[in-house]
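Here's the letter readout for the chains.
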Amino acid sequence: AKQREERNYFLFDSDLRERLQHKRLISKYLHSALEREEFVLYYQPQVNAVTGELIGLEALIRWNHPEKGLIGPGTFIAAVEEAGLMIQLTDWVLREVCRQLCEWRQDGMKLLRTSINISNSWFYNRNLMENLFDILQEYQLETDVLEFEITESTALLEEHYPLLQQMRDCGIVVSIDDFGTKYSSLNYLKHFPVNKIKIDRTFITGIGISSIDETIIESIVFVASQLGYDLIAEGVETAAQAEFLVRHDCPYIQGFLFFPPLPAAEIRRLAS
Ligand code: C2E
Ligand code: MG
Ligand code: MG
Ligand code: MG
């Protein structure tokens, strides 16, 4: 038995070593990508489908890999989290968004509120609010140009509530991303210190196909209006989906039907 234990231990150990080396390699790549500024932000416009007016932007990260070209976040965000680099990456995104907004304003562009995807780990960043105010001051921006998108799982962690409340109080919009995908109980909504809900694409794809998805959307719209949350639908690809949403009092839309995520220069052209 002792021998087997030792053997198992050895196996575990070598497996772990391999995993750690792999992790260390990924971490090294991501570190140097951060250092060399290989990340780039695309911006997806959000529109009022009734008036056609641009109402905001979502910043979405891409990795501009020197050999592989543009890589979407789906392939590296988890690795960033695993490598313990999420705080650093989010700090970079925040600064880059503020820098971009400042540049756009200097160009005479009317600023569009821009949302940033925030992962749970960023909330453990020390001096978060202080750093945030420093960056806003550096680029001479008001707090209301920023929106933070958090997930339902982050929103459920009560330890974050004081911070979320502080953000809201100072004028930053806090929204729940991918709403409806993780937790079905509506009860927890009443405790959320957020302003806004983003209806997940999984429900939007069901429009015209699944009466259950349509009913869920109608329920989200009803609850949001009763509880005073702003609302936007994401992943809208067809005119029929947009029509349904407009008809059901959700005119704010983000999706390929209107715009895909675009480079900053194209946003500049759109907004002028
Ligand atoms: P998300 O925050 O829910 O962003 C929406 C995703 O849906 C984006 O994918 C966007 O390109 C895509 N999308 C927008 N409209 C449509 C549509 O009409 N149809 C379809 N099929 N897709 C649409 P993307 O850019 O690949 O980002 C994927 C996820 O990666 C994001 O989901 C977000 O969770 C994460 N992410 C992106 N940028 C960042 C970032 O800077 N920081 C963090 N922590 N996560 C990020
Ligand atoms: Mg998002
Ligand atoms: Mg989303
Ligand atoms: Mg999503």
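Residues numbered from 1 in each chain as written. Chains lettered and ligands numbered in written order. Predicted model: local features only at pLDDT ≥ 70, side-chain atom pairs only at ≥ 80, totals over all residues. Heavy atoms only, no water.

Undergrad: So what about the packing of aromatic side chains? Which residues, and what values?
TA: Under the defined criterion, the tally for this structure stands at seven aromatic pairs. Taking the centre distance of 5.6 Å and the plane angle of 40° together, the rings of Phe39 and Trp63 count as tilted. Residue Phe39 is located in strand E1 (residues 39-48), and its partner Trp63 is located in strand E2 (residues 54-65); the two are separated by 24 residues in the primary sequence. When the ring of Phe39 is compared with that of Phe76, the centres are 5.5 Å apart and the planes differ by 40°; the resulting orientation is tilted. Taken as a pair, Phe39 in strand E1 and Phe76 in the loop between strand E3 (69-71) and helix H2 (77-82) lie far apart in primary sequence, 37 residues in all. Summarising the burial analysis for this pair, Phe39 and Phe76 share the class buried. (Phe/Tyr/Trp six-rings, centres within 6.5 Å; stacked < 30°, edge-to-face > 60°. Helix = DSSP H or I, 4+ residues; strand = E, 2+ residues; numbered from the N terminus. Buried < 20%, exposed > 50% of the residue type's maximum accessible area, 1.4 Å probe, protein only.)

Undergrad: Break down the confidence of the model for the chain for me, citing the residues and quoting the values.
TA: In low-pLDDT segments, the atomic positions of the prediction should not be examined closely. Averaged over every residue, the pLDDT of the chain is 90; residues scoring 70 or more account for 92%. In this model, residues 4-10 is a region of pLDDT below 50 whose contacts with residues beyond four sequence positions or in other chains number zero contacts. Scored as a complex, the prediction yields pTM 0.92 and ipTM 0.98. (pLDDT = per-residue confidence, 0-100. Contact = heavy atoms within 4.5 Å.)

Undergrad: How would you explain the coordination of the magnesium ion (ligand 3) if you had to name every residue and give the values?
TA: Binding of the magnesium ion (ligand 3) to the protein goes through Asp177 (OD), Asp178 (OD), Glu234 (OE) and Glu234 (OE), at separations of 2.0 to 2.6 Å. Donor residues for the magnesium ion (ligand 3) sit on one chain with the sequence pattern D-D-x55-E. Separating the magnesium ion (ligand 3) and the magnesium ion (ligand 2) is a distance of 4.0 Å, and Asp177 donates to both of them. Its relative accessible area of 8% is what places Asp177 among the buried residues. By relative accessible area, which is 29% here, Asp178 ends up partly exposed. (Donors = N, O, S within 2.8 Å, 3.2 Å for Na, K, Ca; no water.)

Undergrad: I'd like a rundown of the packing of helix H3 (residues 86-106) against helix H4 (residues 128-138), residues and numbers included.
TA: H4 packs onto H3 with a crossing angle of 25° between their chain directions and a minimal axis gap of 9 Å. In terms of their interaxial angle, H3 and H4 are classed as roughly parallel. Note on packing geometry: the crossing formed by H3 with H4 is right-handed. Every residue of H4 that contacts H3 at Leu94, Arg95 and Cys98 is listed here: Leu132, Ile135, Leu136 and Glu138. (Axes fitted to C-alpha atoms, helices over the stretch in contact; angles between N-to-C directions. Parallel < 35°, antiparallel > 145°, perpendicular 65-115°, else oblique. Left-handed = near helix turned anticlockwise from the far one by under 90°.)

Undergrad: Describe the site of ligand 1, with residues and values.
TA: Residues in close proximity to ligand 1 total 21 residues, the closest being Arg62, Asn117, Asp177, Glu237 and Phe256. At a separation of 3.0 Å, an oxygen atom of ligand 1 approaches a polar side-chain atom of Glu58. Interatomic distance of 3.1 Å between a side-chain N/O atom of Asp178 and an oxygen atom of ligand 1. Protein chains shield 79% of the accessible area of ligand 1, which is 800 Å² for the free molecule. Taking a 2 Å distance to the grid points as the criterion, the majority of the atoms of ligand 1 fall inside the largest pocket. Top element by residues in the shell around ligand 1 is E2. It accounts for four residues. The residue makeup of the shell around ligand 1, split by class, is nine nonpolar, four polar and eight charged. (Near = heavy atom within 4 Å. Polar contact = N/O pair within 3.5 Å; in protein donor to acceptor, adjacent residues only side chain to side chain. Areas by Shrake-Rupley, 256 points an atom, 1.4 Å probe, with all protein chains shown as cover. 1 Å grid on protein atoms, 1.4 Å probe; cavity = no way out; pocket = protein on both sides within 12 Å on 5 of 7 lines; lining within 4 Å. Sits in = over half its atoms within 2 Å of the grid points. Nonpolar A, V, L, I, M, F, W, Y, C, P; charged D, E, K, R; others polar.)

Undergrad: Describe the nonpolar core, and please don't skip the residues or the numbers.
TA: The nonpolar side chains of a soluble globular protein tend to be buried with one another. Core analysis: the largest hydrophobic core is formed by 80 residues, its most contacted members being Phe39, Leu146, Phe148 and Met167. A total of 10 residues in this core trace back to one element, the largest contributor, which is H3. (Core = buried A, V, L, I, M, F, W, Y, C linked by side-chain atoms within 4.5 Å.)

Undergrad: Now, about the environment of Leu70: what can you tell me, with residues and values included?
TA: Mapped onto the secondary structure, Leu70 falls in strand E3. For Leu70, a relative accessible area of 43% gives the class partly exposed. Residue contacts for Leu70: discarding those within four places in its chain leaves Val40, Tyr42, Arg62, Trp63 and Asn64.

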